[in-house]
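One letter stands for each residue in the lines below.
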Amino acid sequence: SGVITDLGYSLDSSLMCATAGNSAFFWDMKTFDLVKEMKTDRELMSVAVDTERNRLVLGSVKELWVRRYDFKSEKEVACNKGHHGPINSLAFSPDGSFASGSVDGTI
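Source: prediction; values computed, not measured. (Residues numbered from 1 in each chain as written. Predicted model: local features only at pLDDT ≥ 70, side-chain atom pairs only at ≥ 80, totals over all residues. Heavy atoms only, no water.)

As for the confidence of the model for the protein chain
Going by this rule: Each residue carries a pLDDT value, the predictor's own confidence for that position, ranging from 0 to 100. By definition, any uninterrupted DSSP run of H or I lasting at least four residues is a helix, any uninterrupted run of E lasting at least two residues is a strand, and each is numbered from the N terminus.
For the protein chain, the mean per-residue pLDDT works out to 94, and 99% of the residues sit at or above 70. Mean pLDDT across the secondary structure elements of the protein chain bottoms out at strand β9 (residues 87–92), with 94, and peaks at strand β3 (residues 23–28), with 98.

Here it is in structure tokens:
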């Protein structure tokens, strides 16, 4: 639990996702049932999910990295570094790439 720091939708609008505290939440947009709660060991600030490619990305309040996960297994598959501030915005594009925005003013 905690304050909601991000809210968004998958590209295909099948899932709504949010971050609060150390968790990312995913709801089915047809039924509004909670599909998944992914708990982490860090306080989260942002989330984006790509259901077609079975992946998600998370940004943390205290880290400067974007961590990419397999959506089903929740295993981390990559860690992208480069920002100088917390990641407050994440989005996937239709081609499968993603963008991140940070409080340091960079994308």
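Topic: the side chain of Arg 42
Counted only if it meets this: Three labels apply to residues, based on accessible area from a 1.4 Å probe with only protein chains included: buried if under 20% of the type maximum, exposed if over 50%, partly exposed otherwise in between. Identification of polar contacts relies on pairs of N or O atoms within 3.5 Å, with a donor-acceptor requirement for protein atoms, meaning one able to donate a hydrogen and the other able to accept it, and with residues adjacent in sequence counted only if both atoms are side-chain atoms. Any pair of residues with heavy atoms lying within 4.5 Å of one another is described as a contacting pair.
Among the secondary structure elements, Arg 42 is positioned in the loop between β4 (34–39) and β5 (44–50). In this structure Arg 42 comes out as buried when scored by relative accessible area, which is 16%. A distance of 3.3 Å separates the side chain of Arg 42 from the side chain of Tyr 69, its partner in a polar contact. Sequence-distant contacts of Arg 42, defined by excluding residues within four places in its chain, comprise Gly 21, Asn 22, Ser 60, Glu 63, Arg 67 and Tyr 69.

Here we look at the pairing of strand β2 (residues 15–20)
This is how the line gets drawn: By this definition, two strands are paired if DSSP reports at least two bridges between them.
Of all 6 residues that make up β2, 6 are buried, and the element is covered over most of its length. Covered by surrounding structure in β2 are Leu 15, Cys 17 and Thr 19 together with Met 16, Ala 18 and Ala 20, the residues of both alternating faces. In this structure, strand β1 (residues 4–9) lies alongside β2, joined through 5 bridges in antiparallel fashion. The partner of Asp 6 across the bridge, within β2, is Thr 19. Counted between consecutive antiparallel strands, the loop separating β1 from β2 contains 5 residues, among which Ser 13 sits at a positive phi close to 60°.

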